[in-house]
Amino acid sequence: MIVKIILGLIGLGVVVFVHELGHFIAARLSGIDVEAFSIGWGKPIFSKNFHGVEYRIGIFPVGGYCRMKGEAEFKEALTNNSISIPREPGTFYGASPLKRIFTAFAGPFANAIFAVLVLTLVWAIGFDVQTLDNKIVLASEIEGTSFPADAAGLKSGDRIIGINGKKVSNYTEIQEQIAPNPGETLNLLVDRNGEQISLQVKPQLDTNTGAGRIGIYFWTDPIIETVKTGSPAHIAGLMQGDRIVSIQGIPIPYSVALYRILKDRPTVLPIEIERNGQTLSKELILSYDEQGQTNIGIEFKTIRYRNAAHSIPDAFVKGASETLKTLTVSLKSLTVLFKGVNLSKAVSGPVRITYMVGDIAAEGFGQGFGAGFTAIASFLALISISLSIMNLLPIPALDGGLILLFFIELITRKPLHPKAVYWFQMLGALFILSLLIFSVFGDILFLFGKK
């Protein structure tokens, strides 16, 4: 856990550094003096003055800021009930509205550029992909309730080979088409026993994730790929290559059927396996944690392939394309938040994001440096894109709110009133604080669920 938190804080620190660096560079280009550049909030645990700028590392390592000259003049204008903010040379409010818009926009823009560069590097190096087959199982057979897939006429054993005219060859590609489109009709091309048929399905909104869901799982033959040492499966004598035939006398045609049986939390599982043409009987002894979860200790076969290294120009095109696609999906996802989503589960706060970054890094590096780098780089690119979009929303106290404020000043050609700016920022600060408290509460529930 400690390693994951450290890795997560480092990862988030990089994304925040890039964002604030964008503001910093734009401010200097605009003739605005920067007083302090900090990664993290609170009392500095490191401070260094260089060329008139105080560089800091705050005691709270999530977030950061680029403090520009002019805050004292703003506070002084409030105190003196002035009708305008002093426009001293080198101060933030002394710069023209266009320069302030440029400076505010530069942070989110830097995050988008960072995502492009990181994904370009990933494609230039090449990376391994682990996914599952495009053969499906109806979730209704596992969960006992009906889903859109049932209404559409899908059947277990079908292969989804196309969605809205786009070819899909694995389960990941299926999810990439379904998840961003809750409530929208999708045209499916399905292979059923060698015959191609066309169906239509409308994904329902999963309120816990904000994603679309049609009610399918991946089909994986119940052939054991790995057995964890010391696990119930290992103790029971299960081995790589064993095919699970039945459990408690119930046939297991695909791997997810196993989890249907585990829902009842049995402590002893009679299991029949096929090994080298012989049927053997074994017995699994299980235990459960506080959340009712158990780990049998087996993994089934997945599909692995490698995306080969690309030339730098091709990698850049891929990186830019992936960034644009993620931006589009993220913007679309924002609209889903107002459609009855469970925000405490669907919205991640700083604690959960830190954990997720660290978890992905730890798991990835556990498989090797290349896998670790690819996993953490791709996820940081996603976080960077999300940070870019969120900061451009026209919410007070965010970059988008400032841009809106300065755009109004540009159009009206009237200087901003200090009290108007103060209350605008105060409203935004209260909103952000409320959102932070809400998200951290959800994060705590998430982490307790992980124990």
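Residues numbered from 1 in each chain as written. Predicted model: local features only at pLDDT ≥ 70, side-chain atom pairs only at ≥ 80, totals over all residues. Heavy atoms only, no water.

**Some remarks on the overall build of the protein chain**
Here's step 1: Per the secondary structure count, the protein chain includes 14 helices and 18 strands.
Here's step 2: The 451 residues of the protein chain split such that 41% are buried.
Here's step 3: Here the analysis covers contacts within the protein chain between residues at least 6 apart in sequence; of these, 64% occur between residues at least 24 apart.
Here's step 4: Accessible surface for the protein chain amounts to roughly 24100 Å². Of this, 62% is attributable to carbon and sulfur atoms. (Helix = DSSP H or I, 4+ residues; strand = E, 2+ residues; numbered from the N terminus. Buried < 20%, exposed > 50% of the residue type's maximum accessible area, 1.4 Å probe, protein only. Contact = heavy atoms within 4.5 Å. Areas by Shrake-Rupley, 256 points an atom, 1.4 Å probe, with all protein chains shown as cover.)

**Quick word on helix 13 (residues 399-412)**
Here's step 1: In this model, helix 13 (14 residues) spans 20 Å end to end at C-alpha, consistent with the 20 Å of a helix rising 1.5 Å per residue.
Here's step 2: For helix 13, the set of buried residues is D399, G400, G401, L402, I403, L405, F406 and E409.
Here's step 3: R413 sits one or two residues past helix 13 and shows a positive phi near 60°. (Expected span 1.5 Å × (residues − 1).)

**Details of the side chain of N111**
Here's step 1: Locating N111 in the fold gives a position in helix 3 (residues 97-125).
Here's step 2: A distance of 2.7 Å separates a polar atom in the side chain of N111 from a polar atom in the side chain of H19.
Here's step 3: Excluding its chain neighbours within four sequence positions, the residues that come into contact with N111 are V15, V18, H19, S384, L387 and S388. (Polar contact = N/O pair within 3.5 Å; in protein donor to acceptor, adjacent residues only side chain to side chain.)

**So, the packing of aromatic side chains**
Here's step 1: Enumeration according to the criterion identifies ten aromatic pairs in this entry.
Here's step 2: Centre to centre, the rings of Y93 and F406 are 6.2 Å apart; their planes meet at 80°, and the pair counts as edge-to-face. A residue pair is termed long-range when its members are at least 10 positions apart, and Y93 in the loop between helix 2 (71-79) and helix 3 and F406 in helix 13 qualify at 313 residues.
Here's step 3: Among the aromatic side chains, those forming a connected cluster through ring pairs are F17, F24, F37 and Y55.
Here's step 4: In this structure, R100 is placed above the aromatic ring of F406, and the distance from its NZ or CZ to the ring centre is 4.8 Å. (Phe/Tyr/Trp six-rings, centres within 6.5 Å; stacked < 30°, edge-to-face > 60°. Lys NZ or Arg CZ within 6 Å of the ring centre and 35° of its normal.)

**A few points about the environment of A27**
Here's step 1: With respect to the helices and strands, A27 occurs in helix 1 (residues 2-29).
Here's step 2: Residue A27 is classed as buried on the basis of its relative accessible area of 0%.
Here's step 3: In sequence terms A27 and C66 are 39 residues apart; their C-alpha atoms lie 9.4 Å from each other.
Here's step 4: For A27, the residues in contact, after removing those within four places along its chain, are I32, V34, M68 and T103.

**A word on the environment of S38**
Here's step 1: Assignment of secondary structure puts S38 in strand 1 (residues 34-50).
Here's step 2: Overall, S38 belongs to the buried group, its relative accessible area being 1%.
Here's step 3: In this structure the C-alpha to C-alpha distance between S38 and R56, which are 18 residues apart in sequence, comes to 4.5 Å.
Here's step 4: Beyond its immediate chain neighbours, meaning those up to four positions away, S38 contacts R56, G58, G64 and Y65.
Here's step 5: A polar contact is formed between the side chain of S38 and the backbone oxygen of G40, at a distance of 2.9 Å.

**Let's talk about the sheet that holds strand 13 (residues 243-247)**
Here's step 1: The strand order across the open sheet built from four strands is 14-13-15-16, with neighbouring strands paired in antiparallel fashion. Looking along the sheet, the strands with just one partner apiece sit at the ends: strand 14 (250-251) and strand 16 (278-285). (Pairing = 2+ DSSP bridges.)

**Considering the packing of helix 3 against helix 13**
Here's step 1: At a minimum axis distance of 9 Å, the contact between helix 3 and helix 13 shows a crossing angle of 165°. By the angle between their axes, helix 3 is roughly antiparallel relative to helix 13. The two elements helix 3 and helix 13 cross, and the hand of that crossing is left-handed. For the pair formed by helix 3 and helix 13, the contact residues are P97, L98, R100, I101, A104, F105 and P108 on the first element and D399, L402, I403, F406, F407, E409 and L410 on the second.
Here's step 2: Residues that form the contact of helix 3 with helix 13 fall into these classes: eleven nonpolar, no polar and three charged. (Axes fitted to C-alpha atoms, helices over the stretch in contact; angles between N-to-C directions. Parallel < 35°, antiparallel > 145°, perpendicular 65-115°, else oblique. Left-handed = near helix turned anticlockwise from the far one by under 90°. Nonpolar A, V, L, I, M, F, W, Y, C, P; charged D, E, K, R; others polar.)

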